[in-house]
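Structural description and commentary
If you want the building blocks of each chain, they are given just below.
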Amino acid sequence: MKQQLLRAGVAVVAMLAVAGTAAAEGEWSGNVALSTDYVWRGVSQSNEDMAISGGFDYANGIFYAGTWASNIDFEDGSDSNVELDLYAGVASEFANGVSWDLGVIYYSYPDSDDEDLDFVELQAALGYAFEGGIEVGGAVYWDPDNENIYVEGSAGYAFTDVFAADVSVGSYSFDGGGDYTNWSLGGTYSTPVGIDLDLRYWDTDIDDTGIADERVVLTIAKSL
């Protein structure tokens, strides 16, 4: 756990150090959300119960960093109730309009007693927005400690300035076996009062656990 924290900490500090004294010129933002279920890559992280989450983000030019937290329930010996993520990276756009994002994410579970659940992922993503409201993207996440890889592709369409729909398909490959595929389909509506409503269908090809069964999740979110 200490080794993972050191690697993630060094990465985040390195990203922010490049911004240097210009940090005051960057932009801060926040978010808070209430969901009927915390689903991550097709699998419930809250034991199919409601979840409250939120975080803060900082952006300065191509550099970004942030933190995000949510309640969780793995129903295991760890007795962990909180997930706290730290992340940082660089993101921009090529001259041809293709966006790119390189980053590091540290997933921590501070109240997991003696069990080490923490891990780090390195992320690389590309995206492109076509004229007319269609967007496509893809990302690869690599966990170097456990040698797990997650690959995801997505496509979305903005019907109006306040309503958009998207679909995603992801494949999780584990070094120790148990690979699976997940997919989602959802829509997001931005209300006039600044609250976003997201209704999303999730499913996986996992057959032996209820927390990976098909489900519909409603999320109410607010930017701060």
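The structure displayed is predicted, hence computed values, not measured ones. Per chain, residues are indexed from 1 in the order of the written sequence. Local features in this predicted model are restricted to residues of pLDDT 70 or higher, and side-chain atom pairs are both shown and tallied only at a pLDDT of 80 or more, whereas totals for entire chains, interfaces and linings draw on every residue. Derived side-chain values reflect all non-hydrogen atoms in the structure, with water molecules and hydrogen atoms excluded from consideration.

Some points on the pattern of salt bridges
Condition: Between Lys or Arg on one side and Asp or Glu on the other, a salt bridge is scored when a side-chain nitrogen of the former is within 4 Å of a carboxyl oxygen of the latter. Strands here mean DSSP runs of E at least two residues long; helices mean DSSP runs of H or I at least four residues long; both are numbered from the N terminus. Each residue's exposure class comes from its accessible area (1.4 Å probe, protein chains only) as a fraction of the maximum for that residue type: buried when under 20%, exposed when over 50%, partly exposed otherwise.
Counted by the stated rule, this structure contains 5 salt bridges. Measuring nitrogen to oxygen at the nearest pair gives 2.8 Å for the salt bridge that ties arginine 200 to aspartate 166. One end of the pair, arginine 200, is in strand S13 (residues 195-204); the other, aspartate 166, is in strand S11 (residues 163-173), with 34 residues separating them in the sequence. With relative accessibility at 11%, the residue arginine 200 sits in the buried group.

Structural notes on the sheet that holds S13
Whether parallel or antiparallel, the strands of a sheet pair through hydrogen bonds between backbone atoms. The following threshold applies: Pairs of strands are assigned from DSSP output, requiring at least two bridges between the strands. Here an axis means a line fitted to C-alpha atoms, over the contact stretch when the element is a helix, while the angle between two N-to-C directions is reported on a 0 to 180 degree scale.
An order of S1-S4-S5-S6-S7-S8-S9-S10-S11-S12-S13-S14 is seen for the 12 strands of this closed barrel, with the pairing classed as antiparallel. Along the sheet, successive strands turn relative to each other by an average axial angle of 20°, direction set aside. Looking at chain direction, strand S9 (residues 134-143) and strand S10 (residues 148-158) are connected through 10 bridges and run antiparallel. Among the inter-strand pairings, valine 140 is bridged to a residue of S10, identified as valine 151.

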